[in-house]
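Next come the chains, spelled out residue by residue.
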Amino acid sequence: MNAPDNHAPTPADGVIDWLTNGTRDERFIDDIFAQMCIRLQQAGIPVKRATLHVLINHPQWLGARMMWSDGMREAEIALVDYEVRERPEYIGSAAHEIHDGATELRERLEQDPSLGRKHALYDEMRAKGLTDYVAWPLYHTLGKRHIVTFATDRPGGFDDAHIAGLKKLLPVLALVSEIRIKNRLARTLLETYVGSHAGELILAGATRRGTGTTVRAAIMICDLRDFTKISDNWPRDDVIDLLNDYFDAMSEPIARHGGEILKFIGDGLLAIFPLSAPDACANLLHAVAEARQAMVALNERNSGTGRAPLNYGIGVHVGDVMYGNIGSTSRLDFTVIGPAVNMASRLEALTKTIGKKVLLSRAFAELVEKQFALEHVGQHAVRGFNEPIDLFAYPE
């Protein structure tokens, strides 16, 4: 890409000034991108369609595409999965060429299609009356490269002044977009590793050791049975796949019903359903019911490959927990602690000896017994507690 003369005036200068000084209070890059395209039109650069493609650090998605076209007030966002690079929509596309190292791509759509690049995207743009298409890498720090594209329906395509203005825009757009993308990245990584609620608290400044709040919540602890035997005898990759499938079966219903998984502990998980939600306890049992169905389906799939069925135990209690930062001076864990958590853990362990997959404390059962058919399984000694505890099972 030929570097533009940054001192020569271009039609985009007012938009560049707005990007530099007028977007400080804008949080989302898709909103900035749509407004930028509208302002480019108003400045005389005949943008009809534009896209911004960004790579994101997300466990499910490789990236996101923001698309704006004439008449839109907001950009459309589409998430892109990791397998996209094996599909025809990517192979031979502008994104493919840019990611392979191209510093500029321009396709004159008015010329004979047989003389141009071959890809469905160019045919679609010709069918919509677009005449010119240009794509550039958008350089972020430490070698990160994203992509921005512009297209027009102006007869003859973009002229030299239009291209000069768009090129002059790129470094400022790169800076503005990097700030927003990294803000989103920080949020995504926190949501991925500590959960959405804890992530919000950390971003809001809850990073000091010992800080926290008391939360009344239903606590759920789940553990996979015979995992040591499985991990000792199965190939490593099979063990990882099994754990991921098991956690999917358990975790997705928890998230759907308003629970928050605070941590995965080997083959176990700790989740809470804060009682600030009126139906938190019922939602926990709905999540357990769906997780059971998912585990049945998983075991049916595994049986086709000769794998033994997976078994699990779940302990559930309700009470006050301390929710906050615990750890060393330089390494913290945002989690919950307290007697209520210990009780849920003990109940999960008792599922092995009592022979029930889901055990509930009386304190929890009293909050849902009018909505669910529960089985009273008597009083049982619980390690660490002086008196036997009245327990209930959630029948299958």
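Residues numbered from 1 in each chain as written. Predicted model: local features only at pLDDT ≥ 70, side-chain atom pairs only at ≥ 80, totals over all residues. Heavy atoms only, no water.

1. Details of the overall build of the chain
Point 1. From N to C terminus, the chain includes eleven helices and 14 strands.
Point 2. At 28 Å, the chain has a C-alpha radius of gyration far larger than the 21 Å of a compact globule built from 396 residues.
Point 3. Referenced to the eigenvectors of the C-alpha coordinate spread, the extents of the chain come out at roughly 85 × 50 × 40 Å.
Point 4. Residue burial in the chain is summarised as follows: out of 396 residues, 45% are buried.
Point 5. Of the contacts made within the chain by residues no fewer than 6 positions apart, 62% connect residues no fewer than 24 positions apart.
Point 6. Accessible surface computed for the chain: about 20300 Å², of which carbon and sulfur atoms make up 51%.
Point 7. Taking the average place of the 43 positive charges on the side chains of the chain and the average place of its 52 negative ones, the gap between the two points comes to 3 Å. (Helix = DSSP H or I, 4+ residues; strand = E, 2+ residues; numbered from the N terminus. Rg over C-alpha atoms; globule rule 2.2 N^0.38 Å. Buried < 20%, exposed > 50% of the residue type's maximum accessible area, 1.4 Å probe, protein only. Contact = heavy atoms within 4.5 Å. Areas by Shrake-Rupley, 256 points an atom, 1.4 Å probe, with all protein chains shown as cover. Lys, Arg positive; Asp, Glu negative; His and termini not counted. Charge placed at Lys NZ, Arg CZ, Asp CG, Glu CD.)

2. Things to note about the packing of helix 1 (residues 13-21) against helix 2 (residues 29-42)
Point 1. Remark: helix 1 packs on helix 2, axes separated minimally by 9 Å, with the N-to-C direction vectors making an angle of 155°. Considering the angle they form, helix 1 stands roughly antiparallel to helix 2. Classified by chirality, the crossing of helix 2 by helix 1 is right-handed. Residues Val15, Trp18 and Leu19 of helix 1 pack against Ile32, Gln35, Met36, Arg39 and Leu40 of helix 2.
Point 2. Class assignment for the residues of the contact of helix 1 with helix 2 results in six nonpolar, one polar and one charged. (Axes fitted to C-alpha atoms, helices over the stretch in contact; angles between N-to-C directions. Parallel < 35°, antiparallel > 145°, perpendicular 65-115°, else oblique. Left-handed = near helix turned anticlockwise from the far one by under 90°. Nonpolar A, V, L, I, M, F, W, Y, C, P; charged D, E, K, R; others polar.)

3. Quick notes on the pairing of strand 5 (residues 132-139)
Point 1. Most of strand 5 sits out of view: seven of its eight residues are buried.
Point 2. Taken together, the four bridges between strand 4 (residues 105-108) and strand 5 define a ladder with antiparallel strand orientation. Counterpart to Arg108 in the pairing with strand 5 is Asp132.
Point 3. As judged from the eight bridges shared by strand 5 and strand 6 (residues 145-152), these two strands associate in the antiparallel manner. Counterpart to Leu138 in the pairing with strand 6 is His146.
Point 4. The loop that links strand 5 with its antiparallel partner strand 6 comprises five residues; one of these, Leu142, has a positive phi angle of about 60°. (Pairing = 2+ DSSP bridges.)

4. Remarks on the environment of Gln60
Point 1. Summarising the element assignment, Gln60 is placed in the loop between strand 1 (49-55) and strand 2 (61-69).
Point 2. Judged by its relative accessible area of 53%, Gln60 falls in the exposed class.
Point 3. Expressed as a C-alpha distance, the spacing of Gln60 and Tyr82, which sit 22 residues apart in the sequence, is 7.4 Å.
Point 4. Non-local contacts of Gln60, meaning those with residues more than four positions away in its chain, are made with Asp81 and Tyr82.

5. Remarks on the nonpolar core
Point 1. Membership of the largest hydrophobic core comes to 41 residues, with the highest contact counts inside it found for Tyr246, Met250, Leu284, Ile314 and Phe364.
Point 2. Of all the elements, helix 9 (residues 280-303) adds the most residues to this core, at ten residues.
Point 3. Among all residues touching Leu284, those that are not within four sequence positions of it are Ala218, Ile219, Met220, Phe273, Val316 and Phe364.
Point 4. By size, the runner-up hydrophobic cluster in this structure holds 38 residues, among which are Ile32, Val47, Leu170 and Ala174. (Core = buried A, V, L, I, M, F, W, Y, C linked by side-chain atoms within 4.5 Å.)

6. Let's talk about helix 4 (residues 120-127)
Point 1. Every buried residue belonging to helix 4 is among Leu121, Tyr122, Met125 and Arg126, and all of these are buried. The buried residues of helix 4 all sit within an arc of 135° when viewed along its axis, so they share a single face.
Point 2. Among the residues trailing helix 4, Gly129 stands out with phi positive, at a value near 85°. (Arc of directions from axis to C-beta.)

7. Here we look at a negative patch on the surface
Point 1. Taken together, the side chains of Asp241, Asp245, Asp248 and Glu252 define an acidic patch exposed on the protein surface.
Point 2. For Glu252, the location among the structural elements is in helix 8 (residues 236-256).
Point 3. Given a relative accessible area of 44%, Glu252 falls into the partly exposed group. (Patch = residues over 30% accessible without salt bridge, like charges linked within 9 Å, V, L, I, M, F, W, Y side chains within 5 Å. Salt bridge = Lys/Arg side-chain N within 4 Å of Asp/Glu carboxyl O.)

8. Considerations on the side chain of Asn299
Point 1. Structurally, Asn299 can be placed in helix 9.
Point 2. Using a relative accessible area of 16% as the deciding quantity, one classes Asn299 as buried.
Point 3. For Asn299, the contacting residues outside a window of four places in its chain are Pro309 and Leu310.

9. Let's talk about unusual backbone geometry
Peptide bonds are trans in most cases, and residues, glycine excluded, mostly fall at negative phi.
Point 1. With a phi angle near 60°, Leu142 is a residue other than glycine that sits in the positive phi range.
Point 2. You can see Leu142 is positioned in the loop between strand 5 and strand 6.

10. Focus: the packing of aromatic side chains
Point 1. Following the criterion strictly, the structure yields five aromatic pairs and no others.
Point 2. Taken together, a centroid distance of 5.8 Å and an interplanar angle of 75° make the contact between Tyr122 and Tyr133 edge-to-face. Of this pair, Tyr122 sits in helix 4 while Tyr133 sits in strand 5, and the two are eleven residues apart along the sequence. As far as burial versus exposure is concerned, Tyr122 and Tyr133 are alike and both buried.
Point 3. A network of ring pairs unites the aromatic residues Tyr246, Phe247 and Phe264 as a single cluster.
Point 4. The ring of Tyr394 has Arg292 sitting right over it, with the charged end atom 4.6 Å from the ring centre. (Phe/Tyr/Trp six-rings, centres within 6.5 Å; stacked < 30°, edge-to-face > 60°. Lys NZ or Arg CZ within 6 Å of the ring centre and 35° of its normal.)

11. Points about the sheet that holds strand 2
Point 1. Spatial ordering of the open sheet is given by 3-2-1-6-5-4, a layout of six strands whose pairing is antiparallel. Looking at strand neighbours, the two that pair on one side only are strand 3 (76-81) and strand 4, the edges of this open sheet. Neighbour-to-neighbour, the strand axes of this sheet turn through a mean angle of 15°, independent of strand direction.
Point 2. Against the sheet, helix 2 engages strand 1, strand 2, strand 3 and strand 6, with an angle of about 30° to strand 2.

Function cannot be read off these values alone, since they describe shape.
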